[in-house]
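This is what each chain is made of:
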Amino acid sequence: ERIKAYQQQREAQAREWLTDLEQALSKAQVQPEALRHKLLQPPAFLPEAERPRLEALRARVEAALERQRREEEIQRSLRTLPRVTTLRELRAQQQEVGQWLGEVQGPEARGALEVKLAELERQIREVLEGIEAYRSQLDGATEYTQVRRLAAELKDFAARLIGTPE
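Residues numbered from 1 in each chain as written. Predicted model: local features only at pLDDT ≥ 70, side-chain atom pairs only at ≥ 80, totals over all residues. Heavy atoms only, no water.

Thoughts on the packing of aromatic side chains
For any pair of aromatic rings, the description consists of the separation of the ring centres together with the inter-plane angle of the planes.
Okay, step 1: All chains considered together, the criterion is met by 1 aromatic pair.
Okay, step 2: With centroids separated by 6.0 Å and ring planes inclined at 90°, the aromatic side chains of Tyr 6 and Phe 45 adopt a geometry described as edge-to-face. You can see Tyr 6 sitting in helix α1 (residues 2-26) and its partner Phe 45 sitting in the loop between α2 (32-39) and α3 (51-79), a full 39 residues away along the chain.
Okay, step 3: What makes Tyr 6 partly exposed here is its relative accessible area of 42%. (Phe/Tyr/Trp six-rings, centres within 6.5 Å; stacked < 30°, edge-to-face > 60°. Helix = DSSP H or I, 4+ residues; strand = E, 2+ residues; numbered from the N terminus. Buried < 20%, exposed > 50% of the residue type's maximum accessible area, 1.4 Å probe, protein only.)

In structure tokens form, the structure reads like this:
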């Protein structure tokens, strides 16, 4: 009788251990790597009926670890993005950063990507505004000196935008 009670108590503790780990993962209270380590040696009295829950938790922990690795990879890639100036390059980076933003969940990574995306949008807007400003100035130029000055400015501006079809 006491052995059976002891076994039931230990099984209840094992179930509680499993529930605690599930909640810790759901609430992101513990790093996935630490959970993975804890899941390597489940309590000996964990009932066989709880094995599917244990395996499901292991799969969720592995998925969380994979997401974490991907976010770290994206953050490294973000830090090493080259400085670009052409509209084509800016738009390509904007698309890439937008894709990364769809992949990450962590607030730190999301924040860095949102800042970079806003910076790229600002740069694209500046390039387009610059192109439009030169177009309208050239349309309104009537004197030769005005045209020469604008041509020189446009040449400098164009040097920054090599590869931009607009």
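Picking up where we left off.
Thoughts on the packing of α2 against α3
Okay, step 1: Look at α2 against α3: their axes get within 9 Å of each other, and the N-to-C directions meet at 150°. By the angle between their directions, the pair α2 and α3 is classed as roughly antiparallel. Crossing handedness for the pair α2 and α3: left-handed. Residue-level contacts link Pro 32, Glu 33, Leu 35, Arg 36 and Leu 39 of α2 to Leu 54, Leu 57, Arg 58, Val 61, Glu 62, Ala 64, Leu 65 and Gln 68 of α3.
Okay, step 2: When grouped by side-chain class, the residues that make up the contact of α2 with α3 number 8 nonpolar, 1 polar and 4 charged. (Axes fitted to C-alpha atoms, helices over the stretch in contact; angles between N-to-C directions. Parallel < 35°, antiparallel > 145°, perpendicular 65-115°, else oblique. Left-handed = near helix turned anticlockwise from the far one by under 90°. Contact = heavy atoms within 4.5 Å. Nonpolar A, V, L, I, M, F, W, Y, C, P; charged D, E, K, R; others polar.)

Let's talk about the nonpolar core
Okay, step 1: Counting 21 residues, the largest nonpolar core has Leu 78, Leu 90, Val 97, Trp 100 and Leu 113 as its most contacted members.
Okay, step 2: Going through the elements one at a time, α3, α4 (87-103), α5 (107-140) and α6 (144-160) are the ones with two or more residues in this core.
Okay, step 3: Apart from the residues lying within four places of it in its own chain, the contact partners of Leu 90 are Val 84, Thr 85, Leu 120, Gln 123, Ile 124 and Val 127.
Okay, step 4: Listed in part, the 13 residues of the second largest apolar core include Ala 14, Leu 25, Leu 39 and Leu 65. (Core = buried A, V, L, I, M, F, W, Y, C linked by side-chain atoms within 4.5 Å.)

Re α3
Okay, step 1: Helix length check: α3 (29 residues) gives 42 Å between terminal C-alpha atoms against 42 Å at 1.5 Å per residue, within 8%.
Okay, step 2: Listed as buried for α3 are Leu 54, Leu 57, Val 61, Ala 64, Leu 65, Glu 71, Ile 74, Gln 75 and Leu 78.
Okay, step 3: In this structure, the buried side of α3 is in contact with α1, α2, α4 and α5. (Expected span 1.5 Å × (residues − 1).)

Focus: the pattern of salt bridges
Okay, step 1: Per the stated rule, a full pass over the model turns up 12 salt bridges.
Okay, step 2: Of the charged contacts in the structure, one is a salt bridge between Arg 15 and Glu 50, with a shortest N-O distance of 3.5 Å. Remark: Glu 50 occurs in the loop between α2 and α3 and Arg 15 occurs in helix α1; sequence separation between them is 35 residues.
Okay, step 3: Classification of Arg 15 as partly exposed rests on a relative accessible area of 32%.
Okay, step 4: Note that Arg 36 and Glu 33 form a salt bridge whose closest N and O atoms lie 3.6 Å from each other. Residue Arg 36 and its partner Glu 33 are both found in helix α2; the two are separated by 3 residues, about one turn of the helix.
Okay, step 5: The exposure class assigned to Glu 33 is partly exposed, which follows from its relative accessible area of 42%.
Okay, step 6: Among the charged side chains, a network of salt bridges with common partners joins Arg 15, Glu 22, Glu 50 and Arg 53. (Salt bridge = Lys/Arg side-chain N within 4 Å of Asp/Glu carboxyl O.)

The values are spatial; any link to function lies outside them.
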